[in-house]
Each structure stands twice: as structure tokens, then as C-alpha cells.
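Each chain, letter by letter, is given below.
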Amino acid sequence: MSEYKRSASSLDALNQWVLEVAQLAKPDRIHWCDGSDVENDALVAQMLADGTLIKLNERTHPDSYLHRSHPDDVARVEHLTFVCTSDRDDAGPNNHWMAPDQARQQMKSLFDGCMKGRTMYVVPYCMGPIDSPLSRCGVEITDSPYVVANMRIMTRMGAAALARIEREGSFVKGLHSTGELDPDRRFIMHFPEDLEIQSFGSGYGGNALLGKKCHALRIASHQARKEGWLDEHMLILGIENPKGETHYVAAAFPSACGKTNLAMLIPPEGYRKDGWKISTIGDDICWMRPGKDGRLYAINPEAGFFGVAPGTSEKSNPNALASIQQNTIFTNVAVTDDNQPWWEGLDKRVPVTDWKGNAYDASATHPAAHPNSRFTVSAKECPSYSPHAEDAQGVPISAIVFGGRRASLVPLVFEARDWTHGVLVGAAMGSETTAAATGAVGVMRRDPMAMKPFCGYNFADYFDHWLSFDKPGAKLPKIFHVNWFRKGEGGDFLWPGFGDNMRVLEWMLKRVDGAAGAVETPIGNLPDPVDINLDGVELTAEAREKLFGYDRAGWASEFEHIGEYLQEYGARMPDALNGEQTRITHELSIG
Ligand code: OXD
Ligand code: MN
């Protein structure tokens, strides 16, 4: 394994911290990661030898591996995730809170001696293109080689990041240990005032790859507020029209609601023939900042995809499937008789081993792959990856989309009348829960801007921050809401989704260009179905009514709930948002 020697002349903040952690955690060895191929090969060899990784079929999936996590460690643990601010109100009712001193004390006892017999890896990383002013760096200390291998795919990790940290002098500190993987000794703590994360007892992605949810969302949300930008749980895609013009769209959906599929969408055949093209910038996180021209410019802080495997197929997402044919780490998927990775929805084969490593056959009644099983792969493997994803200044955003998983009430698409209304649309988002977090699946909960598990401060302050972008000279994107998941009386989805979502994107861009009409309603501007290209889509009368209509009584009751939800934030809730809720409630009441 290569030993990367740092050139720093003195004990700077990083050296000092590494030393302190080493004294506490007492590892046998310390390894500074340089991100090289040689280092990665050595780590993979070590993980193959100790069973952390299992080699998959080299012919069908070259350089790809399976990792089986502990069966009790398969998803983010929101109930064990804390934001530790000095003032409890700064964390808000949307976060679990613990006093920083108490949290530090508790974590100190967990980390004490936890790396005995293990190697401590020091992982410098950059979130975002290495030369972008929008990017931010961090260092994760971890005792998990699996985490190192995943961080190498998901971030710009190693020597270049370390050089930037040395240049800038500031970085987010992330300390992680898998501990004993005991769910009763598991905590994910955030100290935003100190740009610090401490995570113990889990090896699962969102809990352990600290660059992702912990840094790029929870801690970055603080940095964004302080520095005047937006840190969002959004995909970013480019849409090129037949004239060769590209618009970029950022879209927020709760976990496991199809962000990766939308980011990599392949347009229906008619669109492709006409010259429409989609390119992918990111599938999960978006950092946006106003440019000199007043528009919002966005980067994807990540370098890879940590996507949900189940449901990924030739039909739902051919680009994702092509991306994961090689150089991929699969976590908790099933395996076929010829050692290929498999998950529900992939195809009709029956795997022989389930995600826990037990024998599996057609008579089994449980899913073979864990519903939150994942693939980790570099964005560069994706056929639709945009060359502009590496642009240091980011890409200009024309439209922002909010979306939830709503079986009833919410139509296919509507447009917010202005920015303030759009912020309310995002703040009021609701969605049915999925397997991405532990807990019940399918329960409707408010998930503002899809940030419920990820906003590292009080939502009321976050909405205020959003509202602050509407100022003279700003050329803000239009805001839309979509619902791909509306169901009919029989329980079937009414909208075909996937590639056909292109039709909805096209309508949005026509609205951006002022080239399509809309029906004004109290909830926002709805498309007239004649303005959406439905050529080749069969919709029943029920589908048309539910996808393009709106139920005034149902929305009146929804707005009552939204009002109650906003009240939970008390006096901190911005007046402008309360006022918007009151205005729409009134409009709904007069018909
Ligand atoms: C994710 C999530 O892993 O949102 O992206 O849970
Ligand atoms: Mn996510």
C-alpha cells in the first residue's frame, strides 16, 4: 500500500486533529489516502482477502464487487442523527438535537480505543470540481476500507484535495468508525458551528460516507446560508432542444423517488428523432449560487452515483444500467448462479443467493435484494454524463422542480406563480416514505424541498434563506411541482413515468420561454393538456382528470394541514410564507 507523505512543514490544524483522533481511537496504523490506483488496488485486495468484498463475474461485470453489510445496518438512521447547535432552536423542530458538550462527551467514550487492531485512514476529499470556487473540502477519518473505496468513487479524493485544503486552510472534519455495528451504539452527530461530523457504529452509505449527506447536505446547508448560496437535495440535468439550446433543470425528490432515473432520462423515440437530448450533471445533490448575471449557477458536489438498485432496469434507466456494467461496488444486492448482481425489477432471472448470502429460489417470499440495496459508480461511467458537469463556474439553472410521492390529490405538474409561491410549494412538499431510511414505508410525511432528513438547521430559517434570493437584479428560475406517482381508484399508477416524463419537462421549458399557456388556479398554473405533447401516450378519462385537474375541496383540506405544519416552527416562520399560505387558503375558500 502506498504511503503518502504530506509535505506540510508544521503541525497545522489537520495534523493536529489527526494526532488527537489517533490518541483517542488508538489505531494500529495510520494511512493517508492519496486516491491513486495503486492504493485502491491494495485496498480491494485486502477486502477480497477478508471477505468485505466479493468479486462478481469478471466477464459480465469487470472490476465489480459485492459488499454485504451487517443485516441491521442497511439504511440511514434518522432517529440516531443529531444536529448539535449551542442553541436548540437553531437546529429546529426538523432535527434531533443534543447539546454539543453532551454529544462530544458521549462520542468520546465511543471512539475511545475503537480502532485498536485497525488501520485509521485519513481521506482528504473535495466536494465539487477540484478547481471550482463553489466546491468545498473535507477530510474523513475512518477505520473502514469499504468507506475509503466508496469515497474514492463519490468524491474527488486524495492528493489534489489535500493540496486544495493546504491552500485554503479550511475543511470539514469528519470522524467515522464502524465500531461494532451495534444499533444501540450508533450515532451520527453534526456540529455545524465547528464544521464537524462524528459518526459511530454504522458502515452504511449515508451514515458512513461522510462527504455525502453529512457534509454535502447537513453541514453545507450552514455554509450555504452563511455564504449566500443554496445547498439542495436535487438532481441536475441538461435538456438540449432541436435548436441546440440547452436548459438546465434542478429537481428535488425525497430519497428513492426516482432522482437517478430522471437525471439519466432517455427521451421517447419521437423526441430523440426530433433531436432532443438529455445530459446528466448529478443525481442527488446540487449547490447553487447567483452568478454576476443574476442567474443561479449549479454544480454537483459529488463525483459518482450511490444509486438505489431495485427497480433499475433497461426500461426504467438504461443509462444507469450501462454505467454499472463495470467498475462498480454493489451493496446488499442478490447474486445469480453465474455470479452476476441481481435485484428486483432487473429482469426475469431468479437469483440463487439473497442479499444476506443465504440460498434463494423462486419459492422465497422475501425480496432477494434489500429494497435499499445500492450501486456505487463513478459518474464518468454514465453514457449521459455531461461534459459541463466539470465546469468550474457551474451550469445556469432555468427551472427548479419539487416532487413527492403522492398517490392522491396532487396533479402531474403545476407551476408556482412566483418565487415566494414556489418557496411555499417546496416548503409544503409531502411524500410517502421509502426504504432509504429505517422505519415504516408508505407513510405520508411533510418533506420540505426533500430536505427533511438533511437540512442542518431550523427549517424556518431555511425558508427565509430561500426567500432572500428574490432581490433586485435576480433572474431566478421558474419553480414547478410534479407528481409521477398519482394512482387511480384501482391502485395503478396513472402516468407512465420514466422517459415519458420528458413531456412534462418540455412543457416546463415552454413556460420558461413563454411559449405555452396555462390555467391559473389557486394552487398554481396547471397545463392545459393540449399544451403537453401526449402523442403515443394512452390515458384513460380518469387519468386525464386526475393528472391535469385539481380538486378544490381536497386542496382546501391540504392547505389546512400545511398551515398547521408551518405553525410548528412558531415565530421564526417568515411572514411572507405564512402570508402566502393564508392567501391561497382564502382563494381556495372562495372557489
Ligand atoms: C440517498 C438518500 O442515499 O437520499 O441519496 O437516502
Ligand atoms: Mn438522496
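Above this text is the structure in question.
Residues numbered from 1 in each chain as written. Chains lettered and ligands numbered in written order. Predicted model: local features only at pLDDT ≥ 70, side-chain atom pairs only at ≥ 80, totals over all residues. Heavy atoms only, no water.

Caption draft 1: Representation of the packing of helix 12 (residues 419–427) against helix 13 (residues 459–467). Look at helix 12 against helix 13: their axes get within 10 Å of each other, and the N-to-C directions meet at 150°. Here helix 12 lies roughly antiparallel to helix 13, going by the angle between them. In terms of crossing hand, the pair formed by helix 12 and helix 13 is right-handed. Where helix 12 abuts helix 13, its residues W419, T420, V423 and A427 lie against F463, W466 and L467. In the contact of helix 12 with helix 13, the residues fall into 6 nonpolar, 1 polar and no charged. (Axes fitted to C-alpha atoms, helices over the stretch in contact; angles between N-to-C directions. Helix = DSSP H or I, 4+ residues; strand = E, 2+ residues; numbered from the N terminus. Parallel < 35°, antiparallel > 145°, perpendicular 65-115°, else oblique. Left-handed = near helix turned anticlockwise from the far one by under 90°. Contact = heavy atoms within 4.5 Å. Nonpolar A, V, L, I, M, F, W, Y, C, P; charged D, E, K, R; others polar.)

Caption draft 2: The arrangement of the packing of aromatic side chains in detail. This structure, assessed with the given rule, holds 20 aromatic pairs. Ring geometry for W419 versus W466: centroids 5.5 Å apart, planes at 25°, classification stacked. Placement of the pair is W419 in helix 12 and W466 in helix 13, with a sequence separation of 47 residues. Take W466: its relative accessible area is 0%, and that puts it in the buried class. Centre to centre, the rings of Y462 and F463 are 5.8 Å apart; their planes meet at 50°, and the pair counts as tilted. Like F463, Y462 is buried. Taken together through their ring pairs, the aromatic side chains of Y457, F459, Y462, F463, Y565 and Y569 make up a single cluster. Positioned over the ring face of F191 is R104, at 4.2 Å from the centre of the ring. The side chain of R405 reaches across the aromatic face of F485, ending 4.2 Å from its centre. (Phe/Tyr/Trp six-rings, centres within 6.5 Å; stacked < 30°, edge-to-face > 60°. Buried < 20%, exposed > 50% of the residue type's maximum accessible area, 1.4 Å probe, protein only. Lys NZ or Arg CZ within 6 Å of the ring centre and 35° of its normal.)

Caption draft 3: Focus on the coordination of the manganese ion (ligand 2). Here the manganese ion (ligand 2) is held by K213 (NZ), H233 (NE2) and D284 (OD), and the distances to it run 2.1 to 2.2 Å. Positions of the donor residues of the manganese ion (ligand 2) along the chain correspond to the pattern K-x19-H-x50-D. Placement of H233 in the loop between strand 12 (230–232) and strand 13 (234–240) and of D284 in the loop between strand 15 (277–282) and strand 16 (286–290) is noted, with a sequence separation of 51 residues between them. Owing to a relative accessible area of 1%, H233 belongs among the buried residues under this scheme. (Donors = N, O, S within 2.8 Å, 3.2 Å for Na, K, Ca; no water.)

Caption draft 4: Main features of the environment of A263. Note that A263 resides in helix 9 (residues 259–263). With relative accessibility at 0%, the residue A263 sits in the buried group. When the C-alpha positions of A263 and A250 are compared, they lie 9.2 Å apart, and in sequence the two are 13 residues distant. Ignoring sequence-local partners within four residues, the contact set of A263 consists of L235, L237, I278, S279, T280, G282 and D283.

Caption draft 5: Highlighting the environment of G563. Within the secondary structure, G563 is located in helix 16 (residues 552–567). Note: C-alpha distance between G563 and L577 (14 residues apart in sequence) is 9.9 Å.

Caption draft 6: Structural context of the sheet that holds strand 18 (residues 304–308). Here we have 5 strands laid out as an open sheet, ordered 2-3-19-22-18, and mixed in their pairing. Of all strands in the sheet, those bounded by a partner on one side alone are strand 2 (54–55) and strand 18. Where strand 19 (residues 329–331) lies against strand 22 (residues 374–378), 3 bridges are found, and the strand directions are antiparallel. Paired with T331 across the strands is R374, a residue of strand 22. (Pairing = 2+ DSSP bridges.)

Caption draft 7: Inspection of the site of ligand 1 at higher detail. Contacts to ligand 1 come from R76, K212, K213, H233, S255, D284, R374, A436 and F454. Here an oxygen atom of ligand 1 and a side-chain polar atom of S255 are 2.5 Å apart. One nitrogen or oxygen atom from the side chain of D284 is found 3.1 Å from an oxygen atom belonging to ligand 1. Protein burial of ligand 1: of its 210 Å² of free accessible surface, 95% is covered by the chains. For the shell around ligand 1, a count of residues per class yields 2 nonpolar, 2 polar and 5 charged. There are two domains that each give the shell around ligand 1 at least three residues, and those are domain 1 (12–52 + 75–228) and domain 2 (232–303 + 387–589). (Near = heavy atom within 4 Å. Polar contact = N/O pair within 3.5 Å; in protein donor to acceptor, adjacent residues only side chain to side chain. Areas by Shrake-Rupley, 256 points an atom, 1.4 Å probe, with all protein chains shown as cover. Domains from an automatic or database assignment.)

Caption draft 8: Main features of helix 1 (residues 13–25). The terminal C-alpha atoms of helix 1, which comprises 13 residues, lie 18 Å apart, in line with the 18 Å expected from a rise of 1.5 Å per residue. Against strand 1 (29–32), helix 4 (100–111), strand 6 (119–127), strand 7 (136–142), helix 6 (159–168) and strand 9 (172–177) lie the buried residues of helix 1. Downstream of helix 1 by one or two residues, K26 has phi in the positive range, about 55°. (Expected span 1.5 Å × (residues − 1).)

Caption draft 9: Summary view of helix 16. With 16 residues, helix 16 ought to run about 22 Å at 1.5 Å a step, and its terminal C-alpha atoms sit 22 Å apart, in line with that. Restricting attention to buried positions, one finds in helix 16 the residues G554, W555, E558, F559, I562, G563, Y565 and L566. N-cap assignment for helix 16: the residue whose side-chain oxygen lies 3.2 Å from the backbone N of A553 is D551.

Caption draft 10: Examining the side chain of T85 more closely. Counting through the fold element by element, T85 comes out in the loop between strand 4 (81–83) and helix 3 (88–91). Of the polar contacts made by the side chain of T85, one reaches the backbone oxygen of D87; its length is 3.0 Å. In this view, T85 contacts D90, A91, W97, M98, P100, P192 and E193; residues no more than four positions away in its chain are not counted.

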